[in-house]
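# Structural overview for review
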Amino acid sequence: MEIKNICCIGAGYVGGPTMAIIAQKCPSINVTVVDINEKRIAAWNDEDLSKLPVYEPGLDKVVADARGRNLFFSTEVDKAIDKADMVFISVNTPTKTYGKGKGMAADLKYIELCARQIARVATTDKIVVEKSTLPVRTASAIKSILDNTGNGSNAKFQILSNPEFLAEGTAVTDLLDPDRVLIGGDTSTEEGKEAIQALVSVYANWVPQNQILTTNVWSSELSKLTANAFLAQRVSSINSLSELCEKTEADVDEVARAIGMDSRIGPKFLKSSVGFGGSCFQKDILNLVYIAKSYGLVEVADYWEQVIIMNDHQKRRFAHNIISTLFNTVSGKKIAFLGWAFKKDTNDTRESAAIYVADELLNEQSNISAYDPKVQAEQMYADLDYLNTRSSEENRNGLTAFDNAYDACKDAHAIAVLTEWDEFTTYDWQKIYDGMQKPAFLFDGRDVLDTKKLEEIGFVCYTIGKGM
Ligand code: NAD
Ligand code: UDX
């Protein structure tokens, strides 16, 4: 079966970049990305490519290449679904904030709405692809909705799981050159195998066949949660040791290098930090914990929950270290934040460590002055307001955003580096030092700055995993 028209529901951090690459690499396929968020679709269609709603290095060129040719962004969801042979569901699956499973389970209401919408409008057979990250066995719920809530048209559906492994900040290169593409489907029927093959053929336009892995649908669903759990576990593991390093004068980077050279361990994802953030790690591990609990697997659940407990500790520990170092009070003191995004090269702030560190410091009545190359003030306020710790007005009084680092750091008692943006290493640190209160403290939560040089200037430096 040859795919000619693809519809992707959800024009977010995954749907947008993923479909842009499919369109670029498969000129014979028409790709329409739809979303109910009109503002987001308008931004994807903006002539000015700097206004795309997702910032990813290189994405603007890919969009410029394909948009209007075989890549379209639209709010006409029904129309795009009906026209498509293949419908990707790439909507958000956040942690539930209400009811059973609150704070743990994935909220699948957007997924269910998509399934019902597809069933309602489809007049021809469709392959429905789970691109969103979903709890294992969600495909059976989607199938049940598709098969039982139809419009009487006799349209038939095959369901595939095709989780996305891109990381933000490197989405374009990850999509162009993935370690593997994973496709799960119904391997027990001819129709199922044909559907799997149809999606394999799409990716085969640019991904070598031996890197396209096909499995049963449950393995595919569970592999995505597992991959994120393993990656986050590595970060929490090295972060747990960062605290021990600080007590013992071991250097966490040296430890990471020493263990990473063991080919069984490998060097990646061993960078100690102020804590992992992003929309995926925490959400997916909480979901894994919830699933394990729902099967009565208490030890399995507790094992993975520890990854989150360690991460929360790391963020809190960083904030408390700032407070204790500043003579046990930050009340009325200006603390400059360099970075607000959850990692460099993205404008995404979801679950960013910066938000939680700021929250702790605001509890102690400090004044935060924040600068991030890609994050605006309103996003910072929205992130703090979302925590519901204090009123929106108090958050606005407590935090001021700046459009450059020099102004943010002026008169500050301390600087905290929360994101590893490259530009931070290029600053005139003498100038920053001269404008600060003394002693001028610097807390590097990412180990990106050259502390030796900074100490020569006069800064009092703390680096995560290395101490003062
Ligand atoms: P996102 O919030 O950026 O985008 C989701 C979009 O779906 C939103 O624009 C929303 O308006 C739209 N939407 C929701 N319901 C809709 C509906 N019924 N009809 C049309 N549009 C609808 O989310 P994201 O970061 O792109 O993540 C999407 C999924 O991919 C999640 O399950 C996530 O876990 C997974 N994932 C994310 C990443 C990542 O790096 N962000 C990586 C891999 C997997
Ligand atoms: C992650 C997965 O890597 C990706 O495969 C999946 O599809 C989505 O979730 P993402 O969250 O975008 O991607 O970024 P990632 O590079 O994994 O970083 C996540 C967080 O961990 C960031 O806050 C990052 O700074 C932190 N991190 C990562 C560390 O602190 N140390 C490391 O060594 C690696």
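Below is a short write-up of the structure. (Residues numbered from 1 in each chain as written. Chains lettered and ligands numbered in written order. Predicted model: local features only at pLDDT ≥ 70, side-chain atom pairs only at ≥ 80, totals over all residues.)

A few words now on the overall build of the chain. Looking only at helices and strands, one finds 18 helices and 14 strands in the chain. For 468 residues, the compact-globule estimate of 2.2 N^0.38 gives 23 Å, and the C-alpha radius of gyration of the chain, at 24 Å, lies within 12% of that figure. Dimensions of the chain, computed from C-alpha atoms along their principal axes, come out at roughly 75 × 50 × 45 Å. Counting every position in the chain, which comprises 468 residues, the buried fraction comes to 47%. Nonlocal contacts in the chain, meaning residues at least 24 apart in sequence, comprise 75% of its contacts between residues at least 6 apart. (Helix = DSSP H or I, 4+ residues; strand = E, 2+ residues; numbered from the N terminus. Rg over C-alpha atoms; globule rule 2.2 N^0.38 Å. Buried ≥ 20, exposed ≤ 12 C-beta atoms within 10 Å, placed from the backbone. Contact = placed C-beta atoms within 7 Å.)

Let us look at the pairing of strand β12 (residues 414–417). Burial along β12 is two-sided: the face carrying A414 and A416 and the face carrying I415 and V417 are both buried. Pairing between strand β9 (residues 334–338) and β12: four bridges, direction parallel. Bridged to F337 within β12 is A416. For the crossover that starts at β12, traverses helix α17 (residues 429–434) and ends in the parallel strand β13 (residues 441–444), the hand is right-handed. (Pairing = 2+ DSSP bridges. Right-handed = clockwise from strand over helix to strand, strands pointing away.)

Strand order in the open sheet formed by six strands is β11-β10-β9-β12-β13-β14, with parallel pairing between adjacent strands. The sheet is open, and its two edges are formed by β11 (399–401) and β14 (460–463), each paired on a single side. When the angles between neighbouring strand axes are averaged without regard to direction, this sheet yields 20°. Sheet topology places β13 next to β14; four bridges connect them, and they run parallel. Each bridged residue has a counterpart across the sheet, and for L442 the counterpart in β14 is C461. (Axes fitted to C-alpha atoms, helices over the stretch in contact; angles between N-to-C directions.)

Close contact between helix α1 (residues 15–25) and helix α3 (residues 59–66) brings their axes to 9 Å; oriented N to C, the two are set at 50°. Put simply, α1 runs oblique to α3. In this structure, α1 meets α3 at a crossing whose hand is left-handed. For the pair α1 and α3, contact is made by P17, A20, I21, A23 and Q24 and by L59, V62, V63, D65 and A66, respectively. Here the residues of the contact of α1 with α3 are counted per class, giving eight nonpolar, one polar and one charged. (Parallel < 35°, antiparallel > 145°, perpendicular 65-115°, else oblique. Left-handed = near helix turned anticlockwise from the far one by under 90°. Nonpolar A, V, L, I, M, F, W, Y, C, P; charged D, E, K, R; others polar.)

A separate point is the site of ligand 1. Inspection of the region around ligand 1 gives 27 residues, with G10, G12, V14, S132 and T133 positioned closest. Within the shell around ligand 1, the residues separate by chemical class into 13 nonpolar, 10 polar and four charged. (Near = placed C-beta within 6 Å.)

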